[in-house]
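Okay, here's what each chain looks like letter by letter:
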Amino acid sequence: MQPGELTMPYLLVLIALLLASLSEPLSLEHLRHLDWQRDMRPGQRCPAKCQREQCPDARLLQSCLWGQVRDLCGCCWECGNGEGELCDPEPRTGSMFFGQCAEGLRCKAPRRDPTMKADPKPVCVCTKQEILCGTDGKTYENLCQLRAVQHRLGEQKKVMVAHHGPCTAKPVITYAPGDIIALEGSNILLSCEVSSYPVASIQWKKEGDSTFLASEGSNRAIQANGGPRRFELTAWLQIHKVGPDDAGVYTCAARNTFGETSASARLHVIHRGFQRGRELPKKINEAHSTSINEAESEDDEDYEGQPSGYMYL
């Protein structure tokens, strides 16, 4: 056997082991942990003397989204890991790769899913899971998310806790209905997502009608459900076997005690015998947004999401 033939299998094994060790995503922030602790082996204790000359450059840490923390050896400053990011549970485990969680977060392994073979990796979890209203008028799921905004803005704008609980505000349409071109006899679905506190009520109305659409009609059905996020409500308008009379503009109107807002979409119905050579109406990707609150400025946008519209045969 030639020497090269004996070396090749060992080389392939080494490459496979290297790829397996890099199975977890590795970010630039994680690489910073290797400078100071690159010579440390699993289970080895921190050096008795801190070698600050091997610490990361302080200028690299100015943009830490979740703030700075001391490393596991208590020597160097490093970027703290944020909510949901991988972390090192305890120094005693000998794991010094992913780093520590930022202030207000702790490293915790999620509950094991019996359907998964591998055990879940520990991630950073905010210790105080309480909804807060910031002085910027935005609702935060917890104190850690508010602190992340504080670090990102720096000294430019201070964001503090205005009060516990969500911010009270008029509804905001986060996902507006979009225009649809449908063949006669097909089924269509218009969707509208609204965020607000108190939670808003949603109603649908067709242009030209004096009243809102009933929850059930001859070929229409309206449903609403909470979500997908907290303090959000999603409403659907489904029309079965659309016909020429169903064509028109449909408006999703949301209301709570602090105000009202709306967004509209147009339904185009194409006859089944439509000739292929003729040009189809152009689908408009941006929904028509109209504010019901007359005191609101015309330049104020009522929704932040993208339009949605579905047709299925």
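Look above for the structure.
Definitions and limits used
- The residue numbering used here restarts from 1 in each chain and proceeds along that chain's sequence as written.
- For a predicted model such as this one, the threshold for reporting local features is a pLDDT of at least 70, and the threshold for listing and counting side-chain atom pairs is 80 or more; totals across whole chains, interfaces and linings nevertheless cover every residue.
- Here the side-chain values reflect all heavy atoms present in the structure, with hydrogen atoms and water set aside.
- Residues belong to one nonpolar core when they are buried, are Ala, Val, Leu, Ile, Met, Phe, Trp, Tyr or Cys, and are joined through side-chain atoms within 4.5 Å.
- Categorising residues by exposure relies on relative accessible area from a 1.4 Å probe, with only protein chains included: less than 20% of the type maximum marks a residue as buried, more than 50% marks it as exposed, and the intermediate range marks it as partly exposed.
- Only runs of H or I of at least four residues qualify as helices and only runs of E of at least two qualify as strands under DSSP, and these elements are numbered from the N terminus.
- Contacts are assigned to residue pairs that have any heavy atoms within 4.5 Å of one another.
- Here, a salt bridge means any side-chain nitrogen of Lys or Arg that lies within 4 Å of a carboxyl oxygen of Asp or Glu.
- In this scheme, strands are said to pair when DSSP sees at least two bridges between them.
- Stacked, edge-to-face and tilted labels apply to pairs of Phe, Tyr and Trp rings (six-membered ring for Trp) whose centres lie within 6.5 Å, assigned for plane angles under 30 degrees, over 60, and everything in between, in that order.
- For a Lys NZ or an Arg CZ to count as sitting over a ring, it must be within 6 Å of the ring centre and within 35 degrees of the ring normal.
- Counting of polar contacts relies on pairs of N or O atoms within 3.5 Å, with two restrictions inside protein: one atom must be capable of donating a hydrogen and the other of accepting it, and residues adjacent in sequence are counted only when both atoms are side-chain atoms.
- Sulfur atoms of two cysteines make up a disulfide when they are within 2.5 Å.

### A short note on the nonpolar core
Formed by 24 residues in total, the largest nonpolar core has its most connected members in I188, L190, W204 and L267. At the level of secondary structure, the elements contributing two or more residues to this core comprise β9 (180–183), β10 (187–197), β11 (201–206), β13 (232–239), β14 (248–256) and β15 (259–270). Each residue touching W204, except ones within four places of it in the same chain, is listed here: P177, L190, S191, C192, F212, L213, I222, A235, W236, L237, T251 and C252. With nine residues, the next largest nonpolar core counts C101, L105, C124 and C126 among its residues.

### Observations regarding the pattern of salt bridges
Counted according to the given criterion, the structure contains five salt bridges. Among the salt bridges present, the one from R230 reaches E141, with a minimum N-O distance of 3.8 Å. Of this pair, R230 sits in the loop between β12 (220–226) and β13 while E141 sits in the loop between β6 (139–140) and α3 (143–153); the two residues are 89 residues apart in sequence, bridging distant segments of the chain. Classification of E141 as partly exposed rests on a relative accessible area of 33%.

### Some remarks on α3
Every buried residue of α3 is listed here: L143, C144, L146, A148 and V149. Residues of α3 that are buried in the fold lie against β3 (105–108), β4 (123–126), β5 (132–134), β6 and β7 (161–164). Of the residues flanking the end of α3, it is G154, one or two places downstream, whose phi is positive at about 65°.

### Describing the sheet that holds β5
The antiparallel open sheet is built from three strands, whose spatial order is β6-β5-β7. In the strand order of this sheet, the two ends are held by β6 and β7, each with one partner. Looking at chain direction, β5 and β6 are connected through two bridges and run antiparallel. By the bridge assignment for β6, L132 is matched with Y140.

### Things to note about the packing of aromatic side chains
In the structure shown here, the tally under the stated rule is one aromatic pair. Centre to centre, the rings of Y197 and F231 are 5.3 Å apart; their planes meet at 75°, and the pair counts as edge-to-face. Placement of the pair is Y197 in strand β10 and F231 in the loop between β12 and β13, with a sequence separation of 34 residues. Above the plane of the ring of F212 lies K205, whose end atom (NZ or CZ) is 5.6 Å from the centre.

### Description of the environment of Q100
Structurally, Q100 can be placed in the loop between β2 (77–79) and β3. Other than its neighbours up to four places away in sequence, Q100 contacts V69, R70, D71, L72, E78, C79, G80 and N81. At a separation of 3.3 Å, a polar atom in the side chain of Q100 contacts the main-chain carbonyl oxygen of D71.

### A closer look at the pairing of β11
Covered by surrounding structure in β11 are I202, W204 and K206 only, the residues S201, Q203 and K205 on the alternate face being uncovered. Bridge count for β11 against β14 is six bridges, and the pairing is antiparallel. Bridge pairing in β14 places K206 opposite Y250.

### Some points on the environment of R111
Considering the arrangement of structural elements, one finds R111 in the loop between β3 and β4. Along the sequence, R111 and P122 sit 11 residues apart, while their C-alpha atoms lie 9.8 Å from each other.

### Considerations on the state of the cysteines
Applying the stated criterion across every chain, the model contains eight disulfides. Note that C133 is cross-linked by a disulfide to C167, the S-S spacing being 1.9 Å. Taking the torsion about the sulfur-sulfur bond, which here is approximately 105°, the covalent link between C133 and C167 counts as right-handed. Within this pair, whereas C133 is found in strand β5, its partner C167 is found in the loop between β7 and β8 (169–175), the two being separated by 34 residues in sequence. A single burial state applies to C133 and to C167, both of which are buried. Here C192 is linked by a disulfide to C252, with a sulfur-sulfur distance of 2.1 Å. Across the S-S bond linking C192 and C252, the dihedral sits near -75°, which makes this disulfide left-handed. Taken together, the residues C192 in strand β10 and C252 in strand β14 connect sequence positions 60 residues apart.

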